[in-house]
Amino acid sequence: MIYESLPTTPRSEELVDKAFSRAARSGRAKSGLEAQESMLQTASSILSDNLENVVTEWPDFGTVDPFYYELADAIVDVDELRQSLSEVTWASRQIAEIRREYQSKMRRADRDTARKHRKQAFARMADIMDEISGDLVRIGAARDALKNLPDIRPDEPAIVVAGYPNVGKSSFVNHVTRASNEIARYPFTTKGVQIGHFERDRIRYQIIDTPGLLDRPEEDRNDIERQAVSALEHLADAVLFVVDASGGCGYPLDAQLELRDAVEDRFAERDIPVLTVCNKSDESTDVEADYYMSVETEEGVDDVLDAAVDAVAWSPDIPPSRQE
């Protein structure tokens with residue numbers, strides 16, 4: 001997952017303390033003009049290099065997969081994050097420029113004047129670091145919010161399971177993935193997203209249950225949840241909408257079908273197939289559905305999974321064989 005390897009973002013004060021204390025040690029190891037030059041080089045390199053590393057460790061949001069972009073933007077404001085990264089890049093370059101400017105001045109200076117130049121340079125570097133202190137805090141907060149997102153892979157086929165609570169979605173995911181599922185908590189859903197995997201014809205499929213997102217009407221979602229659904233639109237290759245006609249889930253069938261229609265409309269914009277699946281078919285089949293199953297008795301479960309795989313119609317990118 002592209003965010004999990006992001007390193008801890010240092011605070012401005014930490015970097016300044018580190019840079020100036022190491023500069024002082026390097027200066028003590030030398031004397032005269034050489035000491036001042038060494039202090040300037042050490043402090044500027046630590047600040048400039050560390051700031052540059054903060055930026056380069058982040059993915060390029062201009063080329064990142066739309067799913068991960070939308071997912072990040074649902075949790076942090078990507079535009080603000082990009083602006084802060086841009087400010088840190090500016091600061092890194094400014095500090096490097098200050099080093100070059102004062103290195104040039106020191107070449108023509110005596111020891112006392114060189115000390116004054118070095119102090120001026122340090123003061124200007126400290127001002128720049130103070131100017132971006134808020135940006136570093138914002139980048140660090142974004143890193144902390146994104147690094148523990150679950151490992152959902154846009155390059156693998158994904159089946160999203162939708163429907164009201166208690167219709168059997170989690171039981172279905174548990175059944176078809178056996179012990180390979182995991183529960184991961186997104187910041188925009190308290191119950192956690194359930195992710196499972198299964199293989200067909202040596203292709204690994206992801207199957208995802210998203211409680212708190214696709215189990216209620218659009219008007220009941222907050223802005224963050226709506227944006228998370230937008231991320232799922234980029235991810236899903238097919239949607240299984242599970243209904244319960246028995247009445248046991250606690251939601252009227254009319255309400256379930258109304259939610260199904262809304263999900264169909266939402267995913268139709270990207271031409272993503274939505275299959276209606278009636279669960280608890282051993283209790284009731286009193287609904288028009290594409291498929292009927294009972295996770296409890298296992299009847300029809302394999303047929304539903306086969307239908308989902310067919311709906312995905314995944315063709316792996318295999319380079320053509322070279323003609324000899």
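In every chain, residue numbers begin from 1 and rise along the written sequence. Predicted model: local features are reported for residues with pLDDT of at least 70 only, side-chain atom pairs are reported and counted for 80 or more only, and whole-chain, interface and lining totals are derived from all residues. With hydrogens and water excluded, all non-hydrogen atoms of the structure serve as input to the side-chain values.

Under an unreviewed UniProt entry, the protein has the name Nucleolar GTP-binding protein and belongs to Halogeometricum limi.

Visitor: Would you mind going over the packing of aromatic side chains with me for this structure?
Guide: Two descriptors summarise a pair of aromatic rings, namely the distance from one centre to the other and the angle between the planes of the rings. Each Phe, Tyr or Trp ring (for Trp, its six-membered ring) is paired with any other whose centre lies within 6.5 Å, and the angle between the two planes then decides the class: stacked below 30 degrees, edge-to-face above 60, tilted in between. Here the structure, examined in full by the defined rule, presents seven aromatic pairs. Ring centres 4.4 Å apart and planes at 5° place the aromatic pair Phe20 and Phe122 in the stacked group. Here the residue Phe20 occupies a position in helix H1 (residues 12–28), and Phe122 occupies one in helix H5 (residues 111–131), the gap between them amounting to 102 residues. The partly exposed category is assigned to Phe20, whose relative accessible area is 21%. Their ring planes at 35° and their centres at 6.2 Å tell us that Trp58 and Phe61 sit as a pair that is tilted. Summarising the burial analysis for this pair, Trp58 and Phe61 share the class buried. By the ring-pair criterion, three or more aromatic residues cluster together here, those being Tyr3, Phe67 and Tyr68. Cation over ring: Lys105 sits above Tyr102, and NZ or CZ is 4.5 Å from the ring centre. Secondary structure is summarised from DSSP: a helix means a run of H or I of at least four residues, a strand means a run of E of at least two, and numbering begins at the N terminus for each. Residue burial is assigned from relative accessible area. The probe radius is 1.4 Å, only protein chains are included, and a residue is buried under 20% of its type maximum, exposed over 50%, and partly exposed in between. Whether a charge sits over a ring depends on NZ of Lys or CZ of Arg being within 6 Å of the ring centre and within 35 degrees of the ring normal.

Visitor: Looking at this structure, I do not really get the pattern of salt bridges. What am I missing?
Guide: Close approach of charged atoms allows side chains of opposite charge to pair. Salt bridge, as applied in this entry: a Lys or Arg side-chain nitrogen positioned within 4 Å of an Asp or Glu carboxyl oxygen. Considering all chains together, one arrives at 21 salt bridges under this definition. Ionic pairing is found between Glu156 and Arg153, a salt bridge with its closest N-O pair at 3.6 Å. Its relative accessible area of 14% is what places Glu156 among the buried residues. Of the residues examined, Arg153 reaches a relative accessible area of 34% and is grouped as partly exposed. Taken together, the salt bridges that share partners define one network made up of Glu218, Arg221, Asp223, Arg226, Glu233, Arg266 and Arg270.

Visitor: Would you mind showing me how to read helix H6 (residues 133–146) here?
Guide: In an α-helix, one turn spans 3.6 residues; hence positions three or four apart end up facing the same way. Over its 14 residues, H6 runs 20 Å from end to end, which matches the ideal 20 Å to within 8%, given 1.5 Å per residue. Taken together, the buried positions of H6 are Asp135, Leu136, Ile139, Gly140, Ala142, Arg143 and Leu146. For H6, the angular spread of the buried residues around the axis is 160°, confining them to a single face. Residue contacts follow a heavy-atom distance rule, with two residues in contact if any of their heavy atoms lie within 4.5 Å. Those residues of H6 that are buried are in contact with H1, helix H2 (32–56), helix H3 (66–75), helix H4 (78–106) and H5. Multiply 1.5 Å by the residue count of a helix minus one, and that product is the helix's expected span. It is the directions from the helix axis to the C-beta atoms that the arc portrays.

Visitor: Looking at this model, I keep getting lost on the pairing of strand S6 (residues 274–279). Mind explaining?
Guide: In summary, the side chains of a regular strand alternate between the two faces of the sheet. Most of S6 sits inside the fold, with six of its six residues counted as buried. The alternating pattern of S6 places Val274, Thr276 and Cys278 on one face and Leu275, Val277 and Asn279 on the opposite face, and all of these are buried. Pairing analysis gives six bridges linking strand S5 (residues 238–244) to S6, with the strands arranged parallel. Residue pairing for S6: Phe241 is matched across the bridge by Thr276. At least two bridges found by DSSP between two strands is the condition for calling them paired.

Visitor: Would you explain H1 in this entry?
Guide: Its 17 residues place the ends of H1 25 Å apart at the C-alpha level, agreeing with the 24 Å of an ideal helix rising 1.5 Å per residue. Along H1, the positions that sit buried rather than exposed are Ser12, Leu15, Val16, Ala19, Ala23, Ser26 and Gly27. Looking straight down H1, one finds that the buried residues subtend no more than 105° of arc, so they occupy a single side. Exposed and oriented more than 90 degrees from the buried face of H1 are Glu13, Asp17 and Arg28. At its buried positions, H1 is contacted by H2, H5 and H6.

Visitor: In this structure, what is going on with the side chain of Thr177? I would like to understand it.
Guide: Counting through the fold element by element, Thr177 comes out in helix H7 (residues 169–177). With relative accessibility at 3%, the residue Thr177 sits in the buried group. A distance of 2.6 Å separates a polar side-chain atom of Thr177 from the backbone oxygen of Val173. Polar contact criterion, stated in full: a pair of N or O atoms within 3.5 Å, where within protein one must be able to donate a hydrogen and the other to accept it, and residues adjacent in sequence count only if both atoms are side-chain atoms.

Visitor: Sorry, what's going on with the domain arrangement of the protein here?
Guide: According to the domain assignment, the protein contains domain 1 (12–147) and domain 2 (158–312). One C-alpha centre belongs to domain 1, the other to domain 2; they are set 48 Å apart. Opposite the eight residues of domain 1 that make contact, domain 2 presents 11 residues. Buried area counts how much accessible surface, traced with a 1.4 Å probe, disappears from two parts once they are put together, with both parts' losses summed. Carbon and sulfur atoms supply 71% of the area that domain 1 and domain 2 bury against each other, a total of about 830 Å² over both sides. Of all residues in domain 1, the largest losses of buried area upon contact with domain 2 belong to Phe67, Glu70 and Ala74, amounting jointly to 59% of the total for that side. Along the contact surface separating domain 1 from domain 2 lie zero salt bridges. For every domain, the bounds stem from an assignment made automatically or drawn from a database.

Visitor: Any chance you could explain the state of the cysteines here in plain terms?
Guide: Each disulfide consists of a covalent bond between the sulfur atoms of two cysteine residues. Two cysteine sulfur atoms make up a disulfide if the distance between them is within 2.5 Å. If you walk through the whole model with that rule in mind, you get zero disulfides. Just so you know, Cys278 is unpaired, no disulfide at all, and the nearest cysteine sulfur is the one on Cys249, 11 Å from it.

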